[in-house]
Amino acid sequence: ASSFNAVPLAPTDPLFGLMAAYKADTFDKKVDLGVGAYRDDNAKPWVLPVVKKVTSVQTISGTGAVHLGALFLAKFFSRPQDQKVYLSDPTWVNHTQIFSNVGLTSTTYPYYHPPTKGLDFDGFYGTLESAPEGSIILLHACAHNPTGVDPTREQWMKLAEIIRAKKHFPFFDCAYQGFASGDLDNDAWAIHYFVQEGFELCIAQSFAKNLGLYGERAGCFHFVSPPSSNAKEITKRIASQLAILQRSEISNPPAYGARIAGLVLNDKKLFAEWCENLREMSGRIKAMRTALHAKLVELETPGDWSHILKQIGMFS
Ligand code: PMP
């Protein structure tokens with residue numbers, strides 16, 4: 001016999017019942033006063049203008065998002081000359097291959113500065129300045145792979161200036177949001193800044209590391225249109241093309257990891273717990289860096305090891 005024989009049948013939700021009755025009602029002047037959802041003057045749901053600028057497509061983790069963005073750009077980015085994709089030197093090894101797979105030529109901008117084990121900002125900026133107008137610039141949103149070196153906010157602002165002046169297209173790869181500082185907003189600061197500044201851009205987002213969903217392949221590709229009167233129309237057209245590209249390559253992305261990500265992102269309590277988990281992971285990485293640095297100094301290991309503390313995320 002079941003141990004749950006005493007479980008009573010729950011009453012039907014009164015609101016759901018009311019909604020069902022409302023739907024079934026054929027009266028043409030019926031008014032829905034049930035669900036607390038905002039409606040416009042025509043009693044239609046209001047898609048907020050800010051949301052209309054963003055179109056997002058679920059992808060096969062971060063790799064799939066970078067690939068989808070690359071494929072979309074290869075097909076639709078208007079290139080007066082033969083523009084290249086600029087990747088940081090060094091970068092995640094897969095970037096070069098992903099762009100070449102879709103027929104885009106990549107080159108590099110200076111990034112890592114060996115003497116300081118920090119950022120070669122002048123080289124980075126100078127290359128964006130001399131690159132042909134309208135080049136695609138791949139940027140690591142935070143916790144740069146493989147150097148652990150990120151631009152400061154002031155440096156991001158200067159990069160935004162030159163990217164705007166040269167009409168380059170910023171492509172953010174965001175694989176470690178929350179892993180760098182432990183704070184999602186802080187780690188997405190550069191992206192938020194570029195969006196606020198009105199850039200047209202795209203973002204490849206991975207939930208592999210920050211949700212520990214490595215094998216589930218949960219990711220997202222976002223395309224953000226600049227604020228304009230026809231932003232809604234443009235994003236609609238872009239979304240329709242992205243859907244065709246996805247359909248032809250993967251039909252549908254895997255559901256399980258994305259459902260977990262969706263649950264966590266849409267539930268206040270779970271979201272708060274996730275933020276705490278991120279602080280724990282990034283905090284442990286920072287503690288490991290401090291311990292490693294302290295031991296190297298204690299052992300009087302030749303050389304300057306301060307970069308281990310200055311760099312961020314998992315890489316050094
Ligand atoms: N971009 C960068 C910079 C990465 O380091 C990685 C993972 N190593 C990815 C994208 C792809 O991540 P995934 O496909 O595992 O989500």
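Each value, and the rule that gives it
Residues numbered from 1 in each chain as written. Predicted model: local features only at pLDDT ≥ 70, side-chain atom pairs only at ≥ 80, totals over all residues. UniProt positions renumbered as here; feature names shortened; annotations may be inferred. Near = placed C-beta within 6 Å. Nonpolar A, V, L, I, M, F, W, Y, C, P; charged D, E, K, R; others polar. pLDDT = per-residue confidence, 0-100. Pairing = 2+ DSSP bridges. Helix = DSSP H or I, 4+ residues; strand = E, 2+ residues; numbered from the N terminus. Axes fitted to C-alpha atoms, helices over the stretch in contact; angles between N-to-C directions. Parallel < 35°, antiparallel > 145°, perpendicular 65-115°, else oblique. Left-handed = near helix turned anticlockwise from the far one by under 90°. Contact = placed C-beta atoms within 7 Å. Core = buried A, V, L, I, M, F, W, Y, C linked by C-beta atoms within 7 Å. Buried ≥ 20, exposed ≤ 12 C-beta atoms within 10 Å, placed from the backbone.

- The name an unreviewed UniProt entry assigns to the protein chain is Aspartate aminotransferase, from the organism Discina gigas.
- Per UniProt, the comment on the protein chain under Catalytic activity (unreviewed entry) is "L-aspartate + 2-oxoglutarate = oxaloacetate + L-glutamate".
- Quoted verbatim from the Sequence similarities (unreviewed entry) heading of the UniProt record, the comment on the protein chain is "Belongs to the class-I pyridoxal-phosphate-dependent aminotransferase family."

## Some details on the site of the ligand
- The environment of the ligand is made up of Ser61, Gly62, Thr63, Val66, Trp92, His140, Asn145, Asp173, Ala175, Ser206, Ala208 and Gly219.
- Split into classes, the residues belonging to the shell around the ligand amount to four nonpolar, seven polar and one charged.

## Overview of the confidence of the model for the protein chain
- Chain-level statistics for the protein chain give a pLDDT mean of 92 and a share of 97% at 70 or above.
- In the predicted complex, the global pTM is 0.85; the interface-specific ipTM is 0.98.

## Describing the sheet that holds strand 7 (residues 169-174)
- Strand order in the open sheet formed by seven strands is 1-9-8-7-6-2-3, with mixed pairing between adjacent strands. The open sheet has two free edges, formed respectively by strand 1 (54-60) and strand 3 (106-110), since each of these has just one partner strand. The mean angle between the axes of side-by-side strands here comes to 25°, regardless of whether they run parallel or antiparallel.
- Two elements, strand 6 (residues 136-140) and strand 7, share five bridges in a ladder whose sense is parallel. Bridged to Leu138 within strand 7 is Phe171.

## Quick notes on the packing of helix 5 (residues 121-130) against helix 6 (residues 153-165)
- The geometry of helix 5 relative to helix 6 is characterised by a closest axis approach of 9 Å and an angle of 15° between their N-to-C directions. What the angle tells us is that helix 5 and helix 6 run roughly parallel. The handedness of the crossing between helix 5 and helix 6 is right-handed. Contact with helix 5, carried on its side by Phe121, Tyr125, Leu128 and Glu129, involves Gln155, Lys158, Leu159, Ile162 and Ile163 of helix 6 and no other residues of that element.

## Focus: the nonpolar core
- Core analysis: the largest hydrophobic core is formed by 50 residues, its most contacted members being Tyr86, Ile137, Leu138, Ala141, Phe172, Cys174 and Ile191.
- Top contributing element to this core by residue count: helix 3 (residues 61-76), with six residues.
- Contacts of Tyr86, omitting those with residues within four sequence positions, involve Thr107, Thr108, Tyr109, Thr127, Ala131, Ser135, Ile136, Ile137 and Leu138.

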